[in-house]
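Observations on the three-dimensional arrangement
What follows is each chain in one-letter form.
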Amino acid sequence: KQWYQRRVHGKQWYQRRVHGKQWYQRRVHGKQWYQRRVHGERMRCLSDILKACLQTAIKAFMALPQHEKVREHTVFFLHRMTQCLGNEIVSYFPQAVDALLANSTSDTIIRVQQLINDIIAKIREPLKDALAAVLMKIFNKIFQILKEYQGIVSTGDHSGYSHRMLERRDIQKHYYIIIGSILRFGLQDVFQAPTVRPHFKQILLSIAQGCDLPPGDGFVEKGVYEINKNAFGIFKQFVALWGGRLAQLPALNQVLVQCATGKTFSCPLSPRFNPSDATANSVIREICALQCELAKHCQGSAYLNAVGQTIVKAGAPQAWAEEYCALLQKGSPGALRKRLRELCVQAAKNR
């Protein structure tokens, strides 16, 4: 009987222990739920405060658009709010971009480009519709400012380009960085949005301009090669993303056939191109990667025939051109880079 009572008492003790543990867990979980609720309410209150501050900052800038310090701190504040508010900044994006672009000049446009690129990189997919609504406003403002630099040429010496040419190059480089970010973060559909599609060919042709070396003689600065690299890299991304539907994208197909294909040789075979330069070699890397993508997605032998004819015109023997096309069919960018550098050296000797 005593043994039985001990067994019953042991069972009761075990049940009390289990019930006590369950009560403790419920209490802990209840506390955590309360903390999450309080934290959520606090974050919502903080978010409302930050959004009110952001709206006030945009209005302040619109009231004083020419004030240098106000503009500088507004851009800085927008960078910080992108980190703090995250996706909630999307609703303020069109208004902020419109206000900043309206009074942008060649001296201030780069900060705006950097801000836009930062927001694209941090927000990504939720930004797609808002970005499509203002993308052509952004690009048209950049095109307008770049026209101010028409007619500027290099001095041709090793002292570098003029201050104005450096400004132009920076604006152009950040323009390509924005396009590259749009493609890299999966927002390429904005180029087919109703507000952007009619201007898609114009955008592609502006990218093709970056595949050329600028006119002039002598020294080519590192920044020029960086622009070439970005431009060829953008075409490579377009082909990688949309290569399977080129027939449905006549603007892209036309620019690739008429411009990008020829420029993959005209740029490195230019008398000003220096294949021994490290940055120039990065251009060759992007060119060969683009050629491999084009060979993969362009049906038939027309593309390979065009490549072979270009190589022969550059002074290389027919057998060499056939070997290059064979490597292109295999999709071997490393071997292509070596051959293209050899072609550059050979073309320099034949001049």
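Everything in this summary refers to the structure shown in the same document. (Residues numbered from 1 in each chain as written. Predicted model: local features only at pLDDT ≥ 70, side-chain atom pairs only at ≥ 80, totals over all residues. Heavy atoms only, no water.)

1. A word on the overall build of the chain
The line we're drawing: Working definition: helices are DSSP H or I runs of at least four residues, strands are E runs of at least two. Numbering for both runs from the N terminus. The cut-offs for exposure are 20% and 50% of the maximum accessible area for each residue type, with area from a 1.4 Å probe on protein chains only; residues under the lower value are buried, those over the upper are exposed, and the others partly exposed. Two residues form a contact once any of their heavy atoms are found within 4.5 Å. Here the accessible surface of atoms and residues is derived via Shrake-Rupley with a 1.4 Å probe, and residues count as covered only by protein chains that are part of the display.
When helices and strands are tallied, the chain shows 13 helices and 0 strands. Helices (α) and strands (β) of the chain occur, in sequence order from the N terminus, as α-α-α-α-α-α-α-α-α-α-α-α-α. By residue count, 44% of the 351 residues in the chain fall in the buried class. Of the contacts formed within the chain by residues at least 6 apart in sequence, a portion of 75% connects residues at least 24 apart. In the structure as shown, the chain presents an accessible area of about 19100 Å², 53% of it carried by carbon and sulfur atoms.

2. Considering the nonpolar core
Put simply, the rule is: Residue types Ala, Val, Leu, Ile, Met, Phe, Trp, Tyr and Cys, when buried and joined through side-chain atoms within 4.5 Å, form a set referred to as a nonpolar core.
In terms of nonpolar packing, the biggest core is built from 108 residues, with Leu-131, Phe-139, Phe-191, Ile-207, Phe-235 and Phe-238 touching the most fellow members. Counting residues per element, this core draws most heavily on helix 5 (residues 128–147), which supplies 12 residues. Ignoring any residue separated from it by four or fewer positions in sequence, one finds Phe-139 in contact with Tyr-175, Ile-178, Ile-179, Phe-191 and Ile-203.

3. Considerations on the packing of helix 7 (residues 200–209) against helix 8 (residues 222–242)
This is how the line gets drawn: Interaxial angle, 0 to 180 degrees, is taken between N-to-C directions of lines fitted to C-alpha atoms, where a helix line uses only the stretch in contact. To sort the angles, those under 35 degrees are grouped as roughly parallel, those over 145 as roughly antiparallel, those from 65 to 115 as roughly perpendicular, and the leftovers as oblique. Basically, the charged four are Asp, Glu, Lys and Arg, the nonpolar ten are Ala, Val, Leu, Ile, Met, Phe, Trp, Tyr, Cys and Pro, and anything else, Gly included, counts as polar.
One can describe the packing of helix 7 onto helix 8 by two numbers: an axis separation of 8 Å at closest approach and a directional angle of 135°. What the angle tells us is that helix 7 and helix 8 run oblique. Taken together, the residues of helix 8 that come into contact with helix 7 (itself represented by Phe-200, Leu-204, Ile-207 and Ala-208) are Ala-231, Ile-234, Phe-235, Phe-238 and Trp-242. Its residues assigned to classes, the contact of helix 7 with helix 8 shows 9 nonpolar, no polar and no charged.

4. With respect to empty space enclosed by the protein
Quick note on the threshold: Lining residues are defined by having an atom within 4 Å of a point belonging to a cavity or pocket. Those points lie on a 1 Å grid over the protein atoms alone, cavities being sets where a 1.4 Å probe fits but cannot get out and pockets being open sets with protein on both sides within 12 Å along at least five of seven lines. Grid points are joined across faces, edges and corners, and a volume is the space filled by probe spheres set on the points.
The final tally for this structure, using the stated rule, is 2 cavities of 30 Å³ or more. Empty space within the largest cavity amounts to approximately 40 Å³. Contributing to the lining of the largest cavity are Leu-78, Ile-89, Tyr-92, Phe-93, Ala-96, Val-97, Leu-100, Leu-115 and Ile-119. Where the lining of the largest cavity is concerned, the elements lending two or more residues are helix 3 (93–102) and helix 4 (109–123). Top contributing element to the lining of the largest cavity by residue count: helix 3, with 4 residues. The residue makeup of the lining of the largest cavity, split by class, is 9 nonpolar, no polar and no charged.

5. Quick look at the packing of aromatic side chains
Quick reminder of the rule: A pair of Phe, Tyr and Trp rings is counted when the ring centres sit within 6.5 Å of each other, with Trp represented by its six-membered ring. The angle between the planes then sorts it: under 30 degrees is stacked, over 60 is edge-to-face, the rest tilted.
This structure, assessed with the given rule, holds 12 aromatic pairs. Between Phe-139 and Tyr-175, the aromatic rings sit 5.1 Å apart at their centres with planes inclined by 85°, giving edge-to-face as the arrangement. Taken as a pair, Phe-139 in helix 5 and Tyr-175 in helix 6 (residues 163–184) lie far apart in primary sequence, 36 residues in all. With a centroid separation of 5.8 Å and 70° between ring planes, the pair formed by Phe-200 and Phe-238 is classed as edge-to-face. With Phe-200 in helix 7 and Phe-238 in helix 8, this pair connects stretches of sequence that are 38 residues apart. An aromatic cluster is present here, built from Phe-139, Phe-143, Tyr-175 and Tyr-176 joined pairwise through their rings.

6. Things to note about the pattern of salt bridges
Close approach of charged atoms allows side chains with opposite charge to pair. Using the following cut-off: Salt bridge, as used here: a side-chain nitrogen of Lys or Arg that lies within 4 Å of a carboxyl oxygen of Asp or Glu.
Inspection of every chain in the model, using the stated rule, returns 12 salt bridges. In this structure, the salt-bridge partner of Asp-98 is Lys-137, at a minimum N-O distance of 3.4 Å. Placement of the pair is Asp-98 in helix 3 and Lys-137 in helix 5, with a sequence separation of 39 residues. Lys-236 is the partner of Glu-286 in a salt bridge, and the nearest nitrogen-oxygen pair spans 3.2 Å. Placement of the pair is Glu-286 in helix 10 (residues 278–297) and Lys-236 in helix 8, with a sequence separation of 50 residues. Given the relative accessible area of 13%, Glu-286 is considered buried. Overlapping salt bridges bring together Glu-125, Lys-128 and Asp-189 as one network.

7. Concerning helix 13 (residues 333–350)
As a reminder of what qualifies: What a helix is expected to span follows from its residue count: subtract one and scale by 1.5 Å.
Here helix 13 is 18 residues long and its end C-alpha atoms lie 25 Å apart, about the 26 Å a rise of 1.5 Å per residue gives. Packed against the buried residues of helix 13 are helix 9 (250–266), helix 10, helix 11 (302–313) and helix 12 (318–330).

8. Some details on the environment of Ala-319
Along the polypeptide, Ala-319 turns up in helix 12. By relative accessible area, Ala-319 is classed as exposed at 54%. On a C-alpha basis, the gap between Ala-319 and Gly-308 in space is 9.7 Å, while along the polypeptide they are 11 residues apart.

9. Some points on helix 11
Convention followed: Within this analysis, the arc is defined by the directions that extend from the helix axis to the C-beta atoms.
Relative to the 16 Å expected for 12 residues at 1.5 Å per residue, helix 11 spans 17 Å between its end C-alpha atoms, a close match to the ideal helical length. For helix 11, the set of buried residues is Tyr-303, Leu-304, Val-307, Gly-308 and Ile-311. All buried residues of helix 11 fall inside an arc of 135° around its axis, so they share one side. Opposite the packed face of helix 11, turned more than 90 degrees from it, sit the exposed residues Ala-302 and Lys-313. Each element contacted by the buried residues of helix 11 is listed here: helix 9, helix 10, helix 12 and helix 13. One or two steps after helix 11, the chain reaches Gly-315, where phi turns positive at roughly 105°.

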